[in-house]
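Here are the chains, one letter per residue:
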Amino acid sequence: MSQVLVLDAGGTISSQADARGVLGGGQGLSLSADIGDVRLSLRQVHAGLSDELSLADAAAIVRAAQAAAADAADDLAGIVVAHGTDTMEETAFLADLVWTSPRPLVFTGAQRAPAHAEFDGARNLTNAVALAVNPAARDRGVLLAFGGRILPARHAFKAHTSELAGFADRQGDAGASGDVLARLPRLQDRPAPLPDLRLDPSVEILAASLGSGGGLIDAAVAQGARGLVLQALGRGNASPPVVAAVGRACAAGVVVVVASRCPFGQVAPDYASGARLADAGAIFSDDLGASQARILLSAVLGLEPTGEAAAARIRAWLTP
């Protein structure tokens, strides 16, 4: 019989309502029985909702999964992390940056609380376990199993606040995700994993919109940010004041990564303002969304002593 370790990281899947009906952290995930021919074990690694997680908390969840994979007996087929949906995309991508085990690491959760008549956590957990024991899922990095779909951590994002199929693939490609009962995502080349997990918390996401000024970028630099993610327009464009502020940030040694506010697609310096951002030293995130770009930037800045070295590592990671 195969074994799957379930790491309980809190979230809606184990939440409970107070007297007002407001959801908060619960008493922990409940596993009523093994699933099919799979023996389950449970370990709690975080209690509470995922909006309460810090970068250090997310790192602790990832380290718990790494340690379990390294110390496991041969009958451990894979690991499932039950996680809150609000920040699941960040923790899953963080895990993918450092995951070296051939064992599948699968994230899942719920959009409905256990007491809700439409609780989806049990089904999602069953699908995640089925994926974790699937030999075809080995050596594919970190995956999400949610709402009947499988998504790679690199491209997954929460696309709806409350629908049961709450996650989507940033590449918008049906071939890059799969029904749990049908097929897995395409096997894609993955960059070499980062050698260690040390996160620099001085990284923020700043969003650009119509007529945005550059004051918030200047303020973040003044407050000591070592890295910034610009959630830019379209393919990676921004207003002249934002472009000028990014130039000042880069000149001050701050690493700036450009992502898009669009939910699907890639960024590239195809337009005039994007080209000026690139000329100033900003790095275009290719197919990463802003949340993943921030995690990558934080993880690389934690490893590198200078912005120049961090920028070089990020560029190498984006073009393996």
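Going by the structure above, here's the rest.
Throughout this document, residue positions are counted from 1 along each chain, in the order its sequence is written. Reporting of local features is limited, given that this is a predicted model, to residues whose pLDDT is at least 70; pairs of side-chain atoms are given and counted only at 80 or more, and all residues count toward the totals for whole chains, interfaces and linings. Hydrogens are left out, water is left out, and the side-chain values use all remaining heavy atoms of the structure.

A short note on the pattern of salt bridges
Part 1: Salt bridges are identified by distance alone: a Lys or Arg side-chain nitrogen within 4 Å of an Asp or Glu carboxyl oxygen. Summed over all chains, the structure comprises ten salt bridges.
Part 2: With its nearest N and O atoms 2.8 Å apart, the salt bridge here joins Asp 218 to Arg 248. Taken together, the residues span a long stretch of sequence, with Asp 218 in helix H4 (residues 215–222) and Arg 248 in helix H5 (residues 240–251) at a distance of 30 residues.
Part 3: Relative accessible area serves as the criterion here: at 45%, Arg 248 is assigned to the partly exposed category. Comment: elements are numbered from the N terminus, with helices defined as DSSP H or I runs of at least four residues and strands as E runs of at least two. Classification of residues uses two cut-offs on accessible area relative to the type maximum, computed with a 1.4 Å probe and protein chains only: under 20% is buried, over 50% is exposed, and between them is partly exposed.

Topic: the packing of H5 against helix H6 (residues 272–280)
Part 1: Close contact between H5 and H6 brings their axes to 9 Å; oriented N to C, the two are set at 10°. Between H5 and H6, the angle falls in the class roughly parallel. Judged by residue contacts, Val 243, Val 246, Gly 247 and Cys 250 of H5 engage Ser 273, Arg 276, Leu 277 and Ala 280 from H6.
Part 2: Residue polarity is assigned by list, with Asp, Glu, Lys and Arg as charged and Ala, Val, Leu, Ile, Met, Phe, Trp, Tyr, Cys and Pro as nonpolar; anything else, Gly included, falls into the polar class. Among the residues making up the contact of H5 with H6, the classes are represented as five nonpolar, two polar and one charged. Each axis is a line fitted through C-alpha atoms, and for a helix only the stretch in contact is used; angles between axes span 0 to 180 degrees, taken between their N-to-C directions. Our angle categories are set so that under 35 degrees counts as roughly parallel, over 145 as roughly antiparallel, 65 to 115 as roughly perpendicular, and the remainder as oblique. Whether two residues touch is decided by their heavy atoms; if any such pair falls within 4.5 Å, the residues are in contact.

With respect to the sheet that holds strand E12 (residues 203–207)
Part 1: Read from one edge of the open sheet, four strands run E12-E13-E14-E15, paired in parallel fashion. Two strands lie at the open edges of the sheet, namely E12 and strand E15 (283–284), each paired on one side alone.
Part 2: We treat two strands as partners when DSSP finds at least two bridges between them. Bridge count between strand E13 (residues 227–232) and strand E14 (residues 255–260): six bridges; the pairing is parallel. Note on E14: the bridge partner recorded for Leu 228 is Val 256.

What about unusual backbone geometry?
Part 1: A positive phi angle is found at Asp 139, which is not glycine, with a value near 65°.
Part 2: You can see Asp 139 is positioned in the loop between helix H3 (121–132) and strand E7 (142–146).
Part 3: Looking at Asp 139, the relative accessible area reads 54%, which means it is exposed.
Part 4: At Asp 286, a position not held by glycine, the phi torsion is positive, near 60°.
Part 5: Among the secondary structure elements, Asp 286 is positioned in the loop between E15 and helix H7 (290–303).

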